[in-house]
Amino acid sequence: MSTELPISTNNCIVEKDGHVLLVTLNRPEAKNAFSPEMLLGLYKAWRLLDEDDDLRCAILTANGDTFCAGMDLKAGADGQQRSTEEFMELMATVPNIHWQALLRDNRPCKPLILAVEGYALAGGTEILQGTDIRVAAEDAIFGVTEVARGLYPMSGSTVRLRKQIPYCIAAEILLLGEHVSAQQALDFGLINRIVPKGETLNEAKKIAAKICANGPLAVKAVTRSLREHTEHLAEDEAMLKSDELAGPVFASKDAKEGMRAFKEKRPAQFTGE
């Protein structure tokens, strides 16, 4: 049973469901285009995910039949003045608050699962690249469409996309600005799996449950290692960085519990210690 948290805004619902943080874009009347109020909720959600040791992963999804149509340059005049003012006040002390919200900067150290229904265009596909495991409905549509509007994709696609899928495919997506079907996205390796329409959140919750059953310290360390770009390093240097992350995990109580549970043929009871 999920519980809505006080950091929610009207445009971004944040709930806690056991060890899972559920973050829902909630502006369906505007195709879930990013507004200051939505960015405020996203920023607070990701920082909470980092700070709360009881949370082990997060799911990002959306209400309505469009996941996200990107940034809404008209936002701020939709009656949510208090949240907009709070966002602007925070920006004075956290200048990159919008990039943190969009998972470009300072990504949370725990796994992020994406559940996409419908269109995920421009910023909708850019925020996708900040997540780790991605589930899409069979009718989902992706695309980094900024060039078609004479704009530049500033949330990181020119850097991240070519590292996550083959360079020539990334170049085609970025330079043509065309739509990409769910099947194409799966073939390119941009998403993990396709499910029937309306089933993405259920599938994401199944994935989250499996992650939460694993050792949280091990999951955090593996997540960090996955995200650290060590391609430019020699293999032995990259291995040293990996070993630095592995050491504290093997020295933890959870590691001892995991091995003991395996010997005793029972589920492990991890505490994150």
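As shown above, the structure is provided for reference.
So, how was this worked out
- Position numbers for residues count from 1 along each chain, tracking the sequence in the order it is written.
- Given that the model is predicted, a residue must reach a pLDDT of at least 70 before its local features are reported, and side-chain atom pairs must reach 80 or more before they are shown or counted; all residues, however, enter totals for whole chains, interfaces and linings.
- The side-chain values count all of the structure's non-hydrogen atoms but skip hydrogen atoms and water molecules.
- Only DSSP runs of H or I with at least four residues qualify as helices, and only runs of E with at least two residues qualify as strands; both kinds are numbered from the N terminus onward.
- Helix span is expected to be 1.5 Å times the residue number reduced by one.
- The buried label goes to any residue with under 20% of its type's maximum accessible area, the exposed label to any with over 50%, and the partly exposed label to all in between, with areas taken from a 1.4 Å probe on protein chains only.
- DSSP bridges decide pairing: two strands pair if at least two such bridges lie between them.
- Joining through side-chain atoms within 4.5 Å is the link that ties buried Ala, Val, Leu, Ile, Met, Phe, Trp, Tyr and Cys residues into a set, and such a set is a nonpolar core.

Enquirer: Residues and numbers for helix α1 (residues 36-51), please.
Expert: Relative to the 22 Å expected for 16 residues at 1.5 Å per residue, α1 spans 23 Å between its end C-alpha atoms, a close match to the ideal helical length. In terms of burial, α1 is a largely internal element, 12 of the 16 residues being buried. Looking only at α1, the buried set comprises P36, E37, M38, L39, L40, G41, L42, Y43, A45, W46, R47 and L49.

Enquirer: How would you explain the sheet that holds strand β10 (residues 180-181) if you had to name every residue and give the values?
Expert: Ordered in space as β5-β7-β9-β10, the 4 strands form an open sheet in which the pairing is mixed. With one partner strand each, in any of the chains shown, β5 (66-68) and β10 form the two edges of the open sheet. Note that β5 and strand β7 (residues 119-121) share 2 bridges and pair parallel. What sits directly across from C68, in β7, is A120.

Enquirer: Describe the environment of D243, and please don't skip the residues or the numbers.
Expert: The topology assignment puts D243 in helix α10 (residues 235-250). Assessed through its relative accessible area of 48%, D243 is described here as partly exposed. As for D243 and K31, which are separated by 212 residues in sequence, their C-alpha atoms are 44 Å apart.

Enquirer: Tell me about the nonpolar core, and name the residues and values.
Expert: Core analysis: the largest hydrophobic core is formed by 49 residues, its most contacted members being L42, W46, F67 and F142. Sort the elements by how many residues they give to this core and α1 lands first, with 8 residues. Membership of the second largest hydrophobic core comes to 14 residues, among which are V135, V195, A208 and I211.

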